[in-house]
Amino acid sequence: MSDYPVALWSFNLSRAPDSVGAFAAQIEEGLRRAAASGVKLLMLPEYLLECCLAFKPAGLPPEREMSFLADVGVEMLPLLAPLPAKYGVSLLAGSMPVKTAGGITNTAVLLTADGREIRQDKLCLTPFEQDPDVWHLTPGSDLKTFELDGLKMAILICLDVEMPALSSLLARQDLDLLLVPSMTEKLSGYHRVFGCAKARAVELMCAVAVCGVVGTSKGTTQNDTNVSGAALYLPCEEQFGFTGIAAEIAPTHGQNGEEPFLIAAVPVAELRHLKSGKAEVWPGAWTADHITVSKV
């Protein structure tokens, strides 16, 4: 395989659908657009379902929002499930709250064009996500890798990509592509997530795709602003133009209807060639197991 085309859609939450069906139709618009461009995978951002607070029940308290959105997700996924096969484009449908026996998780759901459903829970939650007076979510404990279209992939949700400990776990997995859906309130959050995503590309010698929601949901009580962009990062190697940036759309708050939609190609063959020992200085899946820390 030479190149693998992907689309990264920084969905604007101000779209304000009036029903689950209308929201699924908006997502289908993006799949249609991606298919027309020859894309194999479309990624949507973290907490995409917050868009559906636009039709939440009147008087719904903030601490019930996650339960409501989890129910929306249960209704929406069957509407989305046939679409990847229809368009020949796998869909990472962002992340959404999911009810489990242990509580509500923030879970990314990937619907593949070959009919599979792959889920990845967020592993490191923000203080806000864990707040018992608001969302009170539960972190996951399993980091999955999977094969899709001949590529080995994994998903890290937003804050997860900022955790070097998770990068160390992935270092031995020989990834081709890491997917990072995110939601960041401020420009500072955008730079944390996107900066760390770029670092992961260097560490793992793989491509890293990242995008986040923009705009403001009509019914939000918590997230008055969302700032993000979209980017595909590569290792900082001469073959990729030195900078590690394969493609990038600058961050926006989305308040004027902006909605970054980035199409880019993962140079799979060249990445694998570099990983085989041809990179400038990359030491491979290096660990610090043999290192001790001493106080002087």
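The structure reproduced in this document is the subject of the present report. As the structure is a computational prediction, the values presented were derived from the model and not from experiment.

From N to C terminus, the protein includes 7 helices and 12 strands. Against the 2.2 N^0.38 benchmark of 19 Å for 296 residues, the protein shows a C-alpha radius of gyration of 19 Å, consistent with a compact globule. Dimensions along the principal axes, computed over C-alpha positions, put the protein at roughly 60 × 55 × 35 Å. Long-range contacts, defined as pairs at least 24 residues apart, comprise 69% of the intrachain contacts of the protein with a sequence gap of at least 6. Distance from the positive charge centre (23 side chains) to the negative charge centre (34 side chains) of the protein: 2 Å.

Under the counting rule described, the total for this entry stands at 7 aromatic pairs. A connected cluster of aromatic rings, assembled from ring pairs, spans Trp 9, Phe 11, Phe 23 and Phe 261. One cation-aromatic arrangement involves Arg 33 over Phe 261; the distance from NZ or CZ to the ring centre is 3.8 Å.

What follows is about the nonpolar core. Counting 54 residues, the largest nonpolar core has Tyr 4, Leu 41, Met 153, Leu 177, Leu 178, Leu 179 and Val 266 as its most contacted members. Sorting elements by how many residues they give to this core places helix α6 (residues 187-204) first, with 6 residues. Once residues within four sequence positions are removed from consideration, Val 266 is found in contact with Ser 2, Asp 3, Tyr 4, Val 6, Asp 176, Leu 177, Ala 207, Leu 232 and Leu 271. Ala 7, Val 89, Val 134 and Trp 135 belong to the second-largest nonpolar core, a separate cluster that totals 44 residues.

As summarised here, the arrangement of the 6 strands in space is β6-β7-β8-β9-β10-β11, forming an open sheet in which the pairing is mixed. If you trace the sheet from one side to the other, it starts and ends with β6 (145-148) and β11 (245-252), each paired once. Neighbour-to-neighbour, the strand axes of this sheet turn through a mean angle of 20°, independent of strand direction. Across 3 bridges, the pairing between strand β7 (residues 151-155) and strand β8 (residues 177-182) is parallel. The partner of Met 153 across the bridge, within β8, is Leu 177.

What follows is about the pattern of salt bridges. The full count for this structure, using the stated rule, is 16 salt bridges. The closest approach of N and O atoms between Glu 46 and Lys 122, which form a salt bridge, is 2.9 Å. Of the two residues, Glu 46 sits in the loop between β2 (41-43) and α2 (65-80) while Lys 122 sits in the loop between β5 (117-121) and α4 (127-130), which places them 76 residues apart along the sequence. Using a relative accessible area of 2% as the deciding quantity, one classes Lys 122 as buried. Here Glu 203 makes a salt bridge to Arg 200, at a shortest N to O gap of 2.8 Å. You can see Glu 203 and its partner Arg 200 sitting in helix α6, 3 residues apart, about one turn around the helix. Look at Arg 200 and you get buried, because its relative accessible area is 5%. Each of Arg 15, Glu 29 and Glu 259 takes part in a single network of salt bridges with overlapping partners.

Non-glycine residue Asp 149 carries a positive phi angle of around 55°. Take Asp 149: it is sitting in the loop between β6 and β7. Positioned with a positive phi, Phe 242 is a non-glycine residue whose angle comes to about 75°. Position of Phe 242 among the secondary structure elements: in the loop between β10 (228-233) and β11. Note on Phe 242: relative accessible area 56%, which makes it exposed.

Relative to the assigned elements, Gly 241 resides in the loop between β10 and β11. For Gly 241, a relative accessible area of 41% translates into the label partly exposed. Sequence separation between Gly 241 and Val 214 is 27 residues, and the spatial gap between their C-alpha atoms is 29 Å.

What counts, and where the lines are drawn
- Residues numbered from 1 in each chain as written.
- Predicted model: local features only at pLDDT ≥ 70, side-chain atom pairs only at ≥ 80, totals over all residues.
- Heavy atoms only, no water.
- Helix = DSSP H or I, 4+ residues; strand = E, 2+ residues; numbered from the N terminus.
- Rg over C-alpha atoms; globule rule 2.2 N^0.38 Å.
- Contact = heavy atoms within 4.5 Å.
- Lys, Arg positive; Asp, Glu negative; His and termini not counted.
- Charge placed at Lys NZ, Arg CZ, Asp CG, Glu CD.
- Phe/Tyr/Trp six-rings, centres within 6.5 Å; stacked < 30°, edge-to-face > 60°.
- Lys NZ or Arg CZ within 6 Å of the ring centre and 35° of its normal.
- Core = buried A, V, L, I, M, F, W, Y, C linked by side-chain atoms within 4.5 Å.
- Buried < 20%, exposed > 50% of the residue type's maximum accessible area, 1.4 Å probe, protein only.
- Pairing = 2+ DSSP bridges.
- Axes fitted to C-alpha atoms, helices over the stretch in contact; angles between N-to-C directions.
- Salt bridge = Lys/Arg side-chain N within 4 Å of Asp/Glu carboxyl O.

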